[in-house]
Every structure is written in C-alpha cells, then in structure tokens.
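The chain contents come next:
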Amino acid sequence: LHVVGNGIAVERYDVHVTPDEPGHLGFIGRISPEKGIDDVFAVSAATGVPVKAWGLMQDEQCWLDALAAHPGAQVTYEGFLTTDELQAAIGGCRAILMTPKWVEAFGNVAIEAMACGVPVIAYRRGGPGEIVIDGETGFLVDPDDVDGVVAAVGRLREIDRLVCRQRVDEQYSTDALAHRIDAWLD
C-alpha cells in the first residue's frame, strides 16, 4: 500500500508570523460530539483563553451542552467560511485545536492552519498524528487528554510559525503532491 496523501494550494494561504492580540485559539470542524467540541470548551475554561470556532453547526444541542458544562469557557461560533475567508480568519489564532473522538482520516484542517503559520494542538490519533511534528509544528497529546492540551497551550511560544508553513510547503503543497503522484506512477 502506497499512501499519496493530500496537497493544498499554499499560495492561497497567507502566513501570519505572530498571532493576533489578545490571543485566541481556534477550532475548525463540524460542531458535533465526535469532533470533540466539549473538550474545546474544557480547554478554554481551564486556560482562560478564548476560542473561535468555525464550521458547520451540525448539532446545536452538542454546543449548548458543552456551554452548560463549562460556564467559564469563552467559545464563540464564527460560522462556516469559504477557504479564502477561513484562511484570513485563522491566521490570527495562537493555535488550532483538533480534539476528535474518532480517528481522523487525514486532517486538512491541520495543513490549512500550518499553511497560515498556525501551530496545531491535536490528539495523537489518525491523520493529525502523522501531520503535526510534536514540538516543531504544534503538539500531540494522548487521545482525550484535556490536561495535555491545556499544558500544550502553555508551550505555544516554543513553536516557530514559519516552520509550520515550511512543513506544508515541503510536504503538503500541490507541488509536493504532484511529486508523490509522479513517484507512485513511476
């Protein structure tokens, strides 16, 4: 089995070498239990850091339950955006949180964030566990370990945002994808 992976048009993503101030985290994905939105609320409540959430509001009750369970959380729903709108919005995040309760097949969210220079804090589960280089382009924590995510938020200053973009340029650009396909066809 040869895995070709994925690629994005990195030229559509602007690099943000510093996050916006005051800092906030981001979440991109369907608002649903399997995407781990409750963990996102828990991280915001524990760190005091606001989170902006983008994506399809698939399960509003899940959102309301997370809000009720974590009254100290500062999580705002920012809607579903086009690629160009999303890349402009996420660039200011201190990091993107990926807290799925299932095995993500790949993790386009991770490469989109990193293309903007934004580190990713993800559960070591599925695609994000292969994309994120722990300590270089973000942090990988044990699945469902909210305390691990909280600790990683405290270490974000260790990450060079330009290294995040460089990783995407080298491994997940459309050029890199074309080279992988060419090598596979050969």
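Everything that follows concerns the structure shown earlier in this document.
K.L.:
Go over the packing of aromatic side chains, please, and point to the residues and values.
P.N.:
Using the criterion set out here, one finds three aromatic pairs in the structure. Ring centres of W63 and Y77 lie 5.9 Å apart, and the angle between their planes is 70°; this geometry places the pair in the edge-to-face category. With W63 in helix α2 (residues 60-69) and Y77 in strand β3 (residues 75-79), the pair connects residues that are 14 residues apart, well separated along the chain. Residue classification places W63 among the buried positions, given a relative accessible area of 9%. For Y77, a relative accessible area of 33% gives the class partly exposed.

K.L.:
Just give me the short version of the side chain of R167, but keep the residues and values in it.
P.N.:
Mapped onto the elements of the fold, R167 is located in helix α7 (residues 161-171). Within the buried core, R167 has no salt-bridge partner, and the shortest N-O distance to an opposite charge, that of E170, equals 6.3 Å. Separated by 3.2 Å, the side chain of R167 and the backbone oxygen of I131 make a polar contact. Ignoring sequence-local partners within four residues, the contact set of R167 consists of M114, E130, I131, I133, T137 and Y172.

About the thresholds
Residues numbered from 1 in each chain as written. Predicted model: local features only at pLDDT ≥ 70, side-chain atom pairs only at ≥ 80, totals over all residues. Heavy atoms only, no water. Phe/Tyr/Trp six-rings, centres within 6.5 Å; stacked < 30°, edge-to-face > 60°. Helix = DSSP H or I, 4+ residues; strand = E, 2+ residues; numbered from the N terminus. Buried < 20%, exposed > 50% of the residue type's maximum accessible area, 1.4 Å probe, protein only. Lys, Arg positive; Asp, Glu negative; His and termini not counted. Salt bridge = Lys/Arg side-chain N within 4 Å of Asp/Glu carboxyl O. Polar contact = N/O pair within 3.5 Å; in protein donor to acceptor, adjacent residues only side chain to side chain. Contact = heavy atoms within 4.5 Å.

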